[in-house]
Amino acid sequence: MITEIGIVAGDIWHYLDERQEVSLSELIRGIDKPREMVLMSLGWLAREGHVVVTLLQSDYNITLRKNS
């Protein structure tokens with residue numbers, strides 16, 4: 001399962017790289033994987049510091065973290 005989480009994390013990274021900023025709802029719709037897998041992979045990316053997750057009203061906003 002850890003391999004699949006890593007693969008989906010890569011899919012998320014590429015999706016965000018193309019779009020810059022998306023809502024969590026859009027990300028789940030845009031990545032053709034089960035919702036739970038997208039959430040686990042997003043958590044991995046957030047823990048590793050690769051994405052920024054911000055609560056905006058009723059949904060979360062996801063962006064790639066820019067290198068300083």
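Structural data are supplied above this passage.
Residues numbered from 1 in each chain as written. Predicted model: local features only at pLDDT ≥ 70, side-chain atom pairs only at ≥ 80, totals over all residues. Heavy atoms only, no water.

1. What about the side chain of N61?
Move 1: Here N61 is to be found in strand β3 (residues 59–64).
Move 2: On the basis of relative accessible area, N61 is assigned to the buried category, the value being 14%.
Move 3: Only 3.3 Å separates the side chain of N61 from the side chain of E21, close enough to count as a polar contact.
Move 4: Non-local contacts of N61, meaning those with residues more than four positions away in its chain, are made with E21, V22, S23, V52, V53, T54 and L56. (Helix = DSSP H or I, 4+ residues; strand = E, 2+ residues; numbered from the N terminus. Buried < 20%, exposed > 50% of the residue type's maximum accessible area, 1.4 Å probe, protein only. Polar contact = N/O pair within 3.5 Å; in protein donor to acceptor, adjacent residues only side chain to side chain. Contact = heavy atoms within 4.5 Å.)

2. Let's talk about the side chain of D59
Move 1: Along the chain, the position of D59 falls in strand β3.
Move 2: In this structure D59 is buried but unpaired, with R29 as the nearest side chain of opposite charge at 6.5 Å.
Move 3: At 2.7 Å, the side chain of D59 and the side chain of S25 are in polar contact.
Move 4: Apart from the residues lying within four places of it in its own chain, the contact partners of D59 are S23, L24, S25 and T54. (Lys, Arg positive; Asp, Glu negative; His and termini not counted. Salt bridge = Lys/Arg side-chain N within 4 Å of Asp/Glu carboxyl O.)

3. A look at the nonpolar core
Move 1: Counting residues in each nonpolar core, the largest one holds 18 residues, and the members touching the most others are I12, L16, L27, I31, L42, V51 and I62.
Move 2: Here this core takes six residues from helix α1 (residues 2–19), the largest share from any one element.
Move 3: For V51, the residues in contact, after removing those within four places along its chain, are L16, L42, L45, A46, I62, T63, L64 and R65. (Core = buried A, V, L, I, M, F, W, Y, C linked by side-chain atoms within 4.5 Å.)

4. Looking at α1
Move 1: An ideal rise of 1.5 Å per residue puts 26 Å on 18 residues; α1 measures up with 26 Å between its terminal C-alpha atoms.
Move 2: Where α1 is concerned, the buried positions are I5, V8, A9, I12, Y15 and L16. Down the axis of α1, the sector holding all buried residues measures 125°, keeping them to one side. More than 90 degrees from the buried face of α1, the exposed residues found are T3 and E18.
Move 3: Against the buried residues of α1 lie β1 (21–23), α2 (24–30), α3 (35–47), β2 (51–56) and β3.
Move 4: Of the residues trailing α1, Q20 is marked for its positive phi of about 75°. (Expected span 1.5 Å × (residues − 1). Arc of directions from axis to C-beta.)

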